[in-house]
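An overview of the molecular structure
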Amino acid sequence: MAKTVVGVFANFGKAESVKQALIETGLSAQNIEVMANDEGSPTTSSSSIQAAGKNIGEKISSFFHSLGGGDDKEQAYYEKSVTEGGALVAVTVEEDEEADEVAELLEEHGARHVDESAAGGGLARTSSVADSGELTAIPIVEEQLVVGKREVERGGVRVYSRVTERPVEAEVALREEHVVVSRRPVNRAATAADFSNVNGDVIELTETAEEAVVGKTSRVVEEVLVGKESTEHTEAVRDTVRRTEVDVEHIPGTETTTKYER
């Protein structure tokens, strides 16, 4: 059963070049129709249809009815596109595989999709065929927790060194020598020796005494050690992270017919 694939192009010249590309793939020119407004679009073959003597809307409506009907929204889009200088290309094939190949070729050459006519148009194909325009990317953003470390001052110690004085006391035993002079009575006979000892001699005796002498010595009796030591501990860091979620909602609408059977 014959099937028809329809695409809309920017102008008549573009449609004609696409028609030639289809012929080069082996399709018959009799199975390719180009429909364009008659202003500034010369007909180049019998299969190129212009809206001469009949309103373009009527021409497109008749074309769709000849295919067995069609969606009113599609017809309105095709009518508007062709009226504004565009051109419609309709290709009739026998097999589904051929229809897919034709649709891909039309799409590669810049055909516009009826489902997106309000935004600039696109190829009239099933929704499984990608638009020939640029895709819109919706980023999925996800935050990740990144934990770092930094040093902070949390106080410390300041060590001062100074000299202080305090009174001390110590006991020491001191020895003293004193000269003692005393007389004692004696009653004995004197001898020559006694006289010899008295010859003008002078006897001196020195008194001595010990006194305390104060001196100081220094000794290290204690040390104050100042330094740092490191310890580690594990701490749980809790926070929240964000992530964008994209929900796809299917909007029911009028089904777009992309292949027509005669």
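Note that residues are indexed from 1 along each chain, following the sequence as it is written. For this predicted model, a pLDDT threshold of at least 70 governs which residues receive local features, and a threshold of 80 or more governs which side-chain atom pairs are given and counted, while totals over whole chains, interfaces and linings are taken from all residues. Only hydrogens and water are removed before side-chain values are computed, so all heavy atoms of the structure are retained for them.

Helix length check: helix α1 (residues 12–24) (13 residues) gives 19 Å between terminal C-alpha atoms against 18 Å at 1.5 Å per residue, within 8%. For each residue, the accessible area found with a 1.4 Å probe, counting protein chains only, is set against the maximum for its type, and the residue is called buried under 20%, exposed over 50%, and partly exposed in between. Strands are runs of DSSP state E lasting at least two residues, helices are runs of H or I lasting at least four, and both sets are numbered from the N terminus onward. All buried positions along α1 are accounted for by Phe12, Ala15, Glu16, Val18, Lys19, Ala21 and Leu22. Structurally, the start of α1 carries an N-cap: the backbone nitrogen of Gly13 is 3.2 Å from a side-chain oxygen of Asn11. Once α1 finishes, Gly26 follows within two positions and takes phi at roughly 115°, a positive value. Helix span, as expected, comes to 1.5 Å for every residue beyond the first. Polar contact criterion, stated in full: a pair of N or O atoms within 3.5 Å, where within protein one must be able to donate a hydrogen and the other to accept it, and residues adjacent in sequence count only if both atoms are side-chain atoms.

Further remarks concern the packing of α1 against helix α4 (residues 96–108). Here α1 crosses α4 at 140°, and the two axes come no closer than 10 Å. Here α1 lies oblique to α4, going by the angle between them. Both α1 and α4 take part in a crossing whose hand is right-handed. Packed against α1, whose contacting residues are Val18, Ala21 and Leu22, the element α4 presents Val102, Leu105 and Leu106 at the interface. Each residue is assigned to one class: nonpolar for Ala, Val, Leu, Ile, Met, Phe, Trp, Tyr, Cys and Pro, charged for Asp, Glu, Lys and Arg, and polar for all the others, Gly among them. For the contact of α1 with α4, the class distribution of residues is six nonpolar, no polar and no charged. Interaxial angles span 0 to 180 degrees and are taken between N-to-C directions of axes, which are lines fitted to C-alpha atoms, for helices over the stretch in contact. Reported orientations rely on four angle classes, namely roughly parallel under 35 degrees, roughly antiparallel over 145, roughly perpendicular from 65 to 115, and oblique for the rest. Take the far helix as your reference; a near helix turned counterclockwise from it by less than a right angle gives a left-handed crossing, and one turned clockwise gives a right-handed crossing. Whether two residues are in contact is decided by their heavy atoms, any of which lying within 4.5 Å being enough.

Summary: where empty space remains is shown by rolling a probe the size of a single water molecule over the atoms. Roughly 980 Å³ of internal volume is contained in the largest pocket. A per-class count over the lining of the largest pocket returns three nonpolar, five polar and nine charged. Cavities and pockets were defined on a 1 Å grid built from protein atoms only: a cavity is a group of points that admits a 1.4 Å probe but offers it no way out, a pocket is an open group of points flanked by protein on both sides within 12 Å along at least five of seven lines, and a lining residue is one with an atom within 4 Å of any such point. Grid points are joined across faces, edges and corners, and a volume is the space filled by probe spheres set on the points.

Any Lys or Arg side-chain nitrogen located within 4 Å of an Asp or Glu carboxyl oxygen qualifies as a salt bridge. Across all of its chains, the model carries five salt bridges by this definition. Where Glu142 meets Arg243, a salt bridge forms, and the shortest distance between an N and an O atom there is 2.7 Å. Within this pair, whereas Glu142 is found in the loop between α4 and α5 (192–196), its partner Arg243 is found in the loop between α5 and β5 (259–261), the two being separated by 101 residues in sequence. A relative accessible area of 47% means that Glu142 is categorised as partly exposed. Residue classification places Arg243 among the partly exposed residues on the basis of a relative accessible area of 42%. For Glu143, the salt bridge goes to Arg242, with nearest N and O atoms at 2.9 Å. In this pair, Glu143 is assigned in the loop between α4 and α5 and Arg242 in the loop between α5 and β5, connecting sequence segments 99 residues apart. Relative accessible area serves as the criterion here: at 62%, Arg242 is assigned to the exposed category. Each member of the salt-bridge network shares a partner with another, and the members are Glu142, Arg243 and Glu245.

If you trace the backbone, Arg175 turns up in the loop between α4 and α5. For Arg175, a relative accessible area of 48% gives the class partly exposed. Here the alpha-carbon distance between Arg175 and Glu211, two residues 36 residues apart in the chain, equals 8.0 Å. When residues no more than four places from it in sequence are discounted, the contact partners of Arg175 are Ala209 and Glu210. Side chain to side chain, Arg175 and Glu177 meet in a polar contact 3.2 Å long.

All right, on to a nonpolar patch on the surface then. Patch definition: residues with relative accessible area over 30% and no salt bridge; like charges joined within 9 Å; nonpolar side chains (Val, Leu, Ile, Met, Phe, Trp, Tyr) joined within 5 Å. Values of accessible area rely on a 1.4 Å probe in the Shrake-Rupley scheme; residue burial ignores everything except the protein chains shown. Together, Ile138, Ile140, Val246 and Val248 give the surface a local cluster of nonpolar side chains, amounting to about 380 Å² of exposed area. Here Val246 lies in the loop between α5 and β5. Given a relative accessible area of 37%, Val246 falls into the partly exposed group.

Moving on, we get to the pairing of strand β1 (residues 3–9). On a regular strand, one side chain projects to one face of the sheet and the next to the other, so that they alternate. Burial of β1 is extensive: seven of the seven residues sit out of reach of the surface. Covered by surrounding structure in β1 are Lys3, Val5, Gly7 and Phe9 together with Thr4, Val6 and Val8, the residues of both alternating faces. Alignment of β1 against strand β4 (residues 87–93), held across seven bridges, turns out to be antiparallel. Paired with Lys3 across the two strands is Val93, which belongs to β4. In short, DSSP must find at least two bridges between two strands for them to pair.

This next bit is on the nonpolar core. What makes a nonpolar core is a set of buried Ala, Val, Leu, Ile, Met, Phe, Trp, Tyr and Cys residues whose side-chain atoms join them at distances within 4.5 Å. Of all hydrophobic cores here, the largest spans 21 residues; its most connected members are Phe9, Leu22, Leu27, Val89, Val91, Val102 and Leu106. Contributions of two or more residues to this core are made by β1, α1, β2 (32–36), β4 and α4. Those residues within four positions of Phe9 in sequence are excluded, and the remaining contacts are Lys14, Ala15, Val18, Gly86, Ala87, Val89, Leu106, His109, Gly110, Ala111 and Arg112. In this structure, Val6, Tyr77, Val82 and Ala90 belong to the second largest nonpolar core, which totals eleven residues.

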